[in-house]
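What the coordinates show
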Amino acid sequence: MARYEINGGKPLHGTVTISGAKNAAVAILPATLLVSGPCRIENVPDISDVRILLNILKDMGASVEELGGGTVLLDCTNVTDTHPNPDLVRKIRASYYLMGALLSRFHKASVALPGGCNFASRPIDQHIKGFSALGALVTQTDDYVHLEPSEQGLAGNRVSLDVVSVGATMNIIMASVLLPGQTIIENAAKEPHIVDLANFLNTMGAQISGAGTDTVKVKGVEKLTGGTYAIIPDQIEAGTYLAAVAAVGGNVLVRNVIPKHMECITSKLEEMGATITNYDDAIRILVEGRLQSTTVKTRPYPGFPTDMQAQICVCMALADGVSRLTESVYETRFFGYCSELESMGAEILINGKTAIVTGKEQFHGTSVSAHDLRAGAALVIAGLAAEGITRVQNIHFVERGYERLIEKFTALGADIKRIEE
Ligand code: EPU
């Protein structure tokens, strides 16, 4: 088991380049199952969730060639397997996208229930509701989902989601791409990675409109053909580096970002006292002196992302004054990291969906443990800000979603090492 060892208290200076978006990549890679012909996907982040997905696709018979520099050549033309390896499927959350992609292309699938970060109960009833509306007969056991055509057959339909779900929106888009007729998804999620998936599929010949609004329309086509597509930059990775500079202090240019995607995060950091300058595809953050307290409520895009809850909590825990942080997507997410931050000196009172965070001048280093991906990122930020040595255990969670984290923080002047135990 490896750990990070951080000698904190060093302000961050320099330039960091953001990688391709994890939550777009983990949808676009399984979506290549819908395509007849080779797909050249660029800006693919080198993270463990992506490695597992590529292994799942290879194991199913796809040709996967890594060309270096984040480019992967994938060809799923000859795949016939509709039962992906359950041991691999259970390792990540995004393997649920195999259901939609296989249903659309082969009209059947048997996929184990996904694993991934279990910071909350994460049902997939809205995905199932969508597949059923498209005419699938869905049989769910304790650990599997089996999909096949119902008597009336598979075809496009109207689906209104009961909750705004990123995964269900993308899965229903995938499931409907190769079905006859039109699918209309209402109350759809609007995250940038949904637009990215739709752009990828449209580049390959799909007819999807409205992605990024709450109504997405998919007109089924007979076939998608191969092409080249570059994944968008990762909003949350960029937000994590911005939050790190906010918490630790310094002056950093965050490159390869889409500033529009970052507004929900940068506006809060500005409120807390950071100076933000937006460029075409970069953001500079300058932080001198102590942050001010603020109020944040997480919401689906374009609101403040739940995936930045833990990182902004670290900023609040070091700010001057009392902040309020309300979680409205996953209520139990606080439990993944708040007690660890308290062991470093933070003062956090959790009252239902809201954490009341009383800012402290300084954290002190100690041993802490990551319980999920973003909780782990928050502990890294806390360690960078703390006085003394912080040891972060369970870093496999962090490695699910952050490419070359040690290298990137070291280049900014941080003293952080990965230690194999
Ligand atoms: N929900 C349901 N039923 C469903 C689906 C979702 O009740 O069928 C509920 C969830 O319990 C939650 C809310 O709807 O309360 C939103 O969940 P959503 O489906 O949007 O989440 P997800 O698709 O499972 C993705 C990201 C998460 C991110 C959430 C919210 C991927 C692989 N995961 O999860 O990313 O937190 O959207 O933005 O895209 C992360 O990157 O660290 C991460 C956890």
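In this report, the structure presented in the accompanying data block is examined. (Residues numbered from 1 in each chain as written. Predicted model: local features only at pLDDT ≥ 70, side-chain atom pairs only at ≥ 80, totals over all residues. Heavy atoms only, no water.)

Looking at the overall build of the chain
Per the secondary structure count, the chain includes 14 helices and 23 strands. The dimensions of the chain, computed from C-alpha atoms along their principal axes, are 65 × 45 × 40 Å. Taking all 421 residues of the chain together, 57% fall into the buried category. For the chain, long-range pairs separated by at least 24 residues make up 73% of all intrachain contacts whose partners lie at least 6 apart in sequence. If you sum the accessible surface of the chain, you get close to 15600 Å²; carbon and sulfur atoms cover 46% of it. (Helix = DSSP H or I, 4+ residues; strand = E, 2+ residues; numbered from the N terminus. Buried < 20%, exposed > 50% of the residue type's maximum accessible area, 1.4 Å probe, protein only. Contact = heavy atoms within 4.5 Å. Areas by Shrake-Rupley, 256 points an atom, 1.4 Å probe, with all protein chains shown as cover.)

Focus on unusual backbone geometry
Residue P302 is bonded to the preceding Y301 through a cis peptide linkage, with omega at 10 degrees. Note that P302 resides in the loop between β17 (295–297) and α10 (309–318). With a phi angle near 60 degrees, N43 is a residue other than glycine that sits in the positive phi range. Of note, N43 is situated in the loop between β3 (35–42) and α2 (48–59). N43 sits in the partly exposed class, given a relative accessible area of 25%. Its identity is not glycine, yet H107 carries a phi of approximately 65 degrees, on the positive side. With respect to the element layout, H107 can be found in the loop between α4 (97–106) and β6 (109–112).

Some words on the sheet that holds strand β20 (residues 354–358)
Taken in spatial order, the four strands of this open sheet run β17-β18-β20-β19, and their pairing is mixed. Looking along the sheet, the strands with just one partner apiece sit at the ends: β17 and β19 (347–351). Direction aside, neighbouring strands of the sheet carry axes that sit 15 degrees apart on average. Contacts between α10 and the sheet are confined to β17, β18 (322–326), β19 and β20, with β18 contributing the most and set at about 170 degrees to the helix. (Pairing = 2+ DSSP bridges. Axes fitted to C-alpha atoms, helices over the stretch in contact; angles between N-to-C directions.)

Quick look at the packing of aromatic side chains
Evaluated as defined, the whole model comprises three aromatic pairs. Taking the centre distance of 4.6 Å and the plane angle of 35 degrees together, the rings of Y241 and F409 count as tilted. Taken as a pair, Y241 in helix α8 (residues 235–248) and F409 in helix α14 (residues 405–411) lie far apart in primary sequence, 168 residues in all. Of the two residues examined, Y241 and F409, each falls in the buried class. (Phe/Tyr/Trp six-rings, centres within 6.5 Å; stacked < 30°, edge-to-face > 60°.)

Considerations on helix α1 (residues 22–31)
Of all 10 residues making up α1, 10 are buried, and the element is well covered by its neighbours. Along α1, the residues classified as buried are K22, N23, A24, A25, V26, A27, I28, L29, P30 and A31.

Quick notes on the site of the ligand
Residues in close proximity to the ligand total 25 residues, the closest being Q126, S165, V166, D307 and V329. For the shell around the ligand, the secondary structure elements donating two or more residues are α1, α5 (125–133), α6 (166–176) and α12 (373–385). Split by residue class, the shell around the ligand holds 11 nonpolar, seven polar and seven charged. (Near = heavy atom within 4 Å. Nonpolar A, V, L, I, M, F, W, Y, C, P; charged D, E, K, R; others polar.)

Here's the deal with the environment of S48
Structurally, the position occupied by S48 is in helix α2. Those residues in contact with S48 that sit more than four places away from it in its chain are H396, E399 and R400.

Describing the packing of α1 against α2
For the pair α1 and α2, interaxial distance at closest approach is 10 Å and the crossing angle is 0 degrees. Classified by the angle their axes make, α1 and α2 are roughly parallel. The residues of α2 that touch α1, namely those facing K22, A25, V26, L29 and P30, are D49, V50, L53, L54 and L57. For the contact of α1 with α2, the residue count by class is eight nonpolar, no polar and two charged. (Parallel < 35°, antiparallel > 145°, perpendicular 65-115°, else oblique.)

Things to note about the pairing of strand β12 (residues 215–219)
Residues V216 and V218 of β12 are buried on one face, while the alternating residues T215, K217 and K219, pointing to the opposite face, are not. Two elements, strand β10 (residues 182–186) and β12, share five bridges in a ladder whose sense is antiparallel. Paired with T183 across the two strands is V218, which belongs to β12. In the sheet, strand β11 (residues 207–209) pairs with β12 via three bridges, with the strands oriented antiparallel. By the bridge assignment for β12, Q207 is matched with K219. The hairpin formed by β11 and β12 contains five residues between the paired strands, and G210 there has a positive phi angle of roughly 85 degrees.

Any functional reading would require information that these geometric values do not contain.
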